[in-house]
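Here's the letter readout for the chains.
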Protein chains: 2
Amino acid sequence: MNENVLGIIAGILTSISMIPQLIKVIKDKNVDDISLVMLLVLISGLSLWVWYGFIKDELPIILSNAFAVLVNISLLVCYMIYKKS
Amino acid sequence: MNENVLGIIAGILTSISMIPQLIKVIKDKNVDDISLVMLLVLISGLSLWVWYGFIKDELPIILSNAFAVLVNISLLVCYMIYKKS
């Protein structure tokens, strides 16, 4: 299999798996199960993967990790909105 | 920064962020928040990333995704143990 096609399929699968948690948090307005520290560690790690993707010039790595950063920043925003109340 | 060092740091951060969920599930013996379908999608995606890493011969991608596969297979085992009861 072409390596880029493989990477894009891999990226789509790992990206899809993140969506339900975001939907659940938005629907339930409940962030009790989310750890702020872990969310920040994860966003830092994913951002470094995007950087790594740019250095290696690998589009599947850039796209899937950039998407993951967006999902987790959305979770972070939800955390800050719902944790107050 | 050396790209391998960058990839290894990125892999360590994203790996660390997965551990608390596994600990929580083992401690609480509660898998109600885990979706079996999403877990299978995630394990498939991560396995394809390991394959991608082998094709590209990139150790940081192989190691971090292989670790993620292990963590999520452990979650799958927990799911099957605790879902019955």
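Just so it is clear, the model here is predicted, and its values are computed rather than measured.

J.: What's the story with the overall build of chain A in this structure? I'm lost.
T.: Each helix and strand in chain A was counted, giving 4 helices and 0 strands. Seen through its C-alpha atoms, chain A measures out along the principal axes to roughly 50 × 20 × 15 Å. Counting over 85 residues, chain A shows a buried share of 42%. Just so you have it, chain A exposes about 4,700 Å², and 69% of that area is on carbon and sulfur atoms. Seen as two clouds, the 6 positive and the 6 negative side-chain charges of chain A have centres 13 Å apart.

J.: Looking at this structure, I do not really get the interface of chain B and chain A. What am I missing?
T.: One widely used convention gives an interface's size as the accessible area the parts lose upon coming together. Each side of the interface is counted separately: chain B has 30 residues, and chain A has 30 residues. Summing the contributions of chain B and of chain A, the shared interface buries around 2,800 Å²; its carbon and sulfur component is 75%. On the chain B side of the contact with chain A, L6, W49 and Y52 of chain B bury the most area, a combined 21% of that side's loss. Inspection of the region where chain B meets chain A yields 4 salt bridges. With a closest N to O distance of 3.1 Å, E3 of chain B and K56 of chain A form a salt bridge. The set of elements that each furnish at least two residues to the side of chain B that touches chain A consists of α1 (3-16), α2 (19-28), α3 (36-56) and α4 (59-84) of chain B. For the side of chain B that touches chain A, the element with the most residues is α3 of chain B, which contributes 12 residues.

J.: Even after reading the chapter, I still don't get the nonpolar core, so can you show me in this structure?
T.: Residues and elements named next belong to chain B. Grouped together as the largest cluster of nonpolar side chains are 18 residues, with contacts concentrated most on V25, V31, I34, L39, L75 and Y82. Going through the elements one at a time, α2, α3 and α4 are the ones with two or more residues in this core. Each residue touching L39, except ones within four places of it in the same chain, is listed here: I34, N72, L75 and L76.

J.: Please clarify how the UniProt feature "transmembrane region" (unreviewed entry) in chain A should be interpreted in this entry.
T.: All names here are of chain A. According to UniProt, the feature "transmembrane region" (unreviewed entry) maps to residues 6-23, 35-55 and 61-82 in the numbering used here. Secondary structure content for residues 6-23 is 89% helix and 0% strand, and the end C-alpha separation is 27 Å. This span, residues 61-82, is 100% helix and 0% strand, and a straight line between its end C-alpha atoms measures 31 Å.

J.: Sorry if this is basic, but what is going on with the packing of aromatic side chains here?
T.: To describe a pair of aromatic rings, you give the distance between the ring centres and the angle between the ring planes. All names here are of chain A. Throughout the structure, instances matching the rule amount to 2 aromatic pairs over all chains. Pairing W49 with Y52 gives two aromatic rings, centres 5.2 Å apart and planes at 85°, and the pair type is edge-to-face. With a gap of 3 residues between them, W49 and Y52 both fall in helix α3 (residues 36-56), about one helical turn apart. Note on W49: relative accessible area 7%, which makes it buried. A residue is classified by how much of its surface remains accessible, and Y52, at 0% relative accessible area, is buried.

Calculation rules
- As a convention, each chain's residues are numbered from 1 in the sequence order in which they are written.
- Numbering of ligands from 1 and lettering of chains from A proceed in the order in which they are written.
- With the structure being a predicted model, the display of local features is reserved for residues of pLDDT at least 70 and the display and counting of side-chain atom pairs for 80 or more, all residues being used for whole-chain, interface and lining totals.
- To obtain the side-chain values, all non-hydrogen atoms of the structure were included, while hydrogens and water were left out.
- In DSSP terms, a helix is any run of H or I states spanning at least four residues, a strand is any run of E spanning at least two, and both are numbered starting from the N terminus.
- Only protein chains enter the accessibility calculation, which uses a 1.4 Å probe; a residue is then buried when its area is under 20% of its type maximum, exposed when over 50%, and partly exposed in between.
- Here the Shrake-Rupley method, with its probe set to 1.4 Å, supplies the accessible areas, and only the displayed protein chains count as covering residues.
- When charges are tallied, Lys and Arg are placed among the positive residues and Asp and Glu among the negative ones, while His and the ends of the chain are skipped.
- To locate a charge, the coordinates of NZ of Lys, CZ of Arg, CG of Asp or CD of Glu are taken.
- Between two residues, a contact is recorded if the distance between any of their heavy atoms is within 4.5 Å.
- For any pair of parts, buried area is found by adding up, for both, the accessible area (1.4 Å probe) each one loses once the two are put together.
- Here, a salt bridge means any side-chain nitrogen of Lys or Arg that lies within 4 Å of a carboxyl oxygen of Asp or Glu.
- Nonpolar cores were defined as sets of buried Ala, Val, Leu, Ile, Met, Phe, Trp, Tyr and Cys residues, with membership established by side-chain atoms within 4.5 Å.
- UniProt positions are given in the numbering used here, feature names are shortened, and annotations may be inferred rather than shown by experiment.
- For this analysis, a ring pair means two rings from Phe, Tyr or Trp (six-membered ring only for Trp) whose centres lie within 6.5 Å, classed as stacked if their planes differ by under 30 degrees, edge-to-face if by over 60, and tilted for the remaining angles.

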